[in-house]
Amino acid sequence: MDQAEFLFQILLPVLMEGMIVTIKLIVFTAPFGLILGILVAVGRVYGSKPISLLCKGAVGFIKGTPLLLMLFILYFGLPSIGITLSAFVASLVGFIMCNGAYNSEYIRGAISSIKEGQIIAAQALGMTRMQAVRHIILPQALIRAIPGLSNEFIYLIKYSSLAYMLTVIELTGAGKMVATKYFEFTEVFMIVGIGYLILVTITTIAVMLIERKVAVPGMTQSGRNMLDIL
């Protein structure tokens, strides 16, 4: 079998199937991870003391625990207490927890950069505290957090390969299967790396477009400083 036949008839079709699984993991994880991150960040900054401590403890636990260990607990540990998750669902839950925890830190930092006076001004106009957070603070915070959130999204693309450890045949897993069967490790994993590079490049371009889309016309640095005075 020549290299062209191996590449186009065997390797690429298998890698495309793995790529589809990787994209599914990313597409399902990203929105739920963002929502979880927003809820946890708001809970830490504006929640009652018990809620704030609970959110802080959960984030600290997730950040301090290796993601692979969390995946093993979800997939291999939970059946011992009667909870059984498929490999895909266990991977998804672990990724959402990890993604949400780190997203919450970026969003919390962005929220903290916005002066409390904006909430006071909103309450003077008749808004409740949570209405002010939802309509005034969060939109600004999410825009400010875009660079950090985009980095976490790129990390998500990379650590999605850990799903292979739970027998989910995503891009890395598909490459490992072909490499092991045909003993073409260098070529296979170079192409797998190119696949991840393509995903990261597309993400980077998409983030740049989003930043341009949400940019407020005329909102210069001095304009932001004027808001922060409030």
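Residues numbered from 1 in each chain as written. Predicted model: local features only at pLDDT ≥ 70, side-chain atom pairs only at ≥ 80, totals over all residues. Heavy atoms only, no water.

## Some words on the packing of helix H2 (residues 49-64) against helix H4 (residues 87-112)
In the contact formed by H2 and H4, the axes pass within 9 Å of each other and the chain directions differ by 120 degrees. Considering the angle they form, H2 stands oblique to H4. Handedness of the H2/H4 crossing: left-handed. For the pair formed by H2 and H4, the contact residues are Val 59, Ile 62 and Lys 63 on the first element and Met 97, Cys 98, Ala 101, Tyr 102, Ser 104 and Glu 105 on the second. Taken together, the residues that form the contact of H2 with H4 break down as six nonpolar, one polar and two charged. (Axes fitted to C-alpha atoms, helices over the stretch in contact; angles between N-to-C directions. Helix = DSSP H or I, 4+ residues; strand = E, 2+ residues; numbered from the N terminus. Parallel < 35°, antiparallel > 145°, perpendicular 65-115°, else oblique. Left-handed = near helix turned anticlockwise from the far one by under 90°. Contact = heavy atoms within 4.5 Å. Nonpolar A, V, L, I, M, F, W, Y, C, P; charged D, E, K, R; others polar.)

## Brief notes about the confidence of the model for the chain
In this model, the chain carries a mean pLDDT of 91, and residues with pLDDT of at least 70 account for 93%. Every residue in residues 218-230 is under pLDDT 50, and counting partners more than four places away or in other chains gives eleven contacts. (pLDDT = per-residue confidence, 0-100.)

## What about the nonpolar core?
Among the nonpolar cores identified, the biggest contains 35 residues, and Phe 95 and Val 188 are the most heavily contacted of them. When contributions to this core are tallied by element, the ones reaching two or more residues are helix H1 (3-46), helix H3 (67-77), H4, helix H7 (146-159), helix H8 (171-182) and helix H9 (185-214). Broken down by element, the residue count for this core peaks at nine residues, all from H1. Among the nonpolar cores identified, the runner-up in size contains 17 residues, and Ile 38, Tyr 46, Ala 122 and Ala 141 belong to it. (Core = buried A, V, L, I, M, F, W, Y, C linked by side-chain atoms within 4.5 Å. Buried < 20%, exposed > 50% of the residue type's maximum accessible area, 1.4 Å probe, protein only.)

## Structural notes on the packing of aromatic side chains
As enumerated under the stated definition, the model contains six aromatic pairs in all. Considering the side-chain rings of Phe 95 and Tyr 159, the 5.5 Å spacing of their centres and the 50 degrees angle between planes classify their relative orientation as tilted. Note that Phe 95 is positioned in helix H4 and Tyr 159 in helix H7, a separation of 64 residues in sequence. Of the two residues examined, Phe 95 and Tyr 159, each falls in the buried class. Taking 6.5 Å as the distance between ring centres and 20 degrees as the angle between the ring planes, the aromatic pair formed by Phe 185 and Phe 189 counts as stacked. Taken as a pair, Phe 185 and Phe 189 lie in helix H9 at a separation of four residues, close to a single helical turn. A relative accessible area of 34% means that Phe 189 is categorised as partly exposed. (Phe/Tyr/Trp six-rings, centres within 6.5 Å; stacked < 30°, edge-to-face > 60°.)

## Focus: the UniProt feature "domain: ABC transmembrane type-1" (unreviewed entry) in the chain
UniProt marks residues 19-210 with the feature "domain: ABC transmembrane type-1" (unreviewed entry), using the numbering shown here. Secondary structure across residues 19-210 comprises 82% helix and 0% strand; the distance between its end C-alpha atoms is 24 Å. (UniProt positions renumbered as here; feature names shortened; annotations may be inferred.)

## With respect to the pattern of salt bridges
One pass over the full model with this rule turns up four salt bridges. One salt bridge connects Arg 108 with Glu 105, and the closest N-O pair in it is separated by 3.1 Å. Of this pair, Arg 108 and Glu 105 both sit in helix H4, three residues apart, which is roughly one turn of that helix. Bridged by salt links that share partners, the residues Arg 44, Lys 63, Glu 105 and Arg 108 form one connected network. (Salt bridge = Lys/Arg side-chain N within 4 Å of Asp/Glu carboxyl O.)

## Description of the state of the cysteines
Summed over all chains, the structure comprises zero disulfides. The thiol sulfur of Cys 55 is not disulfide-bonded, and the nearest other cysteine sulfur, from Cys 98, lies at 17 Å. Judged by relative accessible area, Cys 55 falls into the buried class, the value being 13%. (Disulfide = S-S within 2.5 Å.)

## Topic: the UniProt feature "transmembrane region" (unreviewed entry) in the chain
Following the UniProt record, one finds the feature "transmembrane region" (unreviewed entry) at residues 20-41, 53-75, 81-102, 153-169 and 189-210. Helix makes up 100% of residues 20-41 and strand 0%, and the two end C-alpha atoms of the span are 31 Å apart. As annotated, residues 53-75 comprises 91% helix and 0% strand, and the C-alpha atoms at either end are separated by 28 Å.

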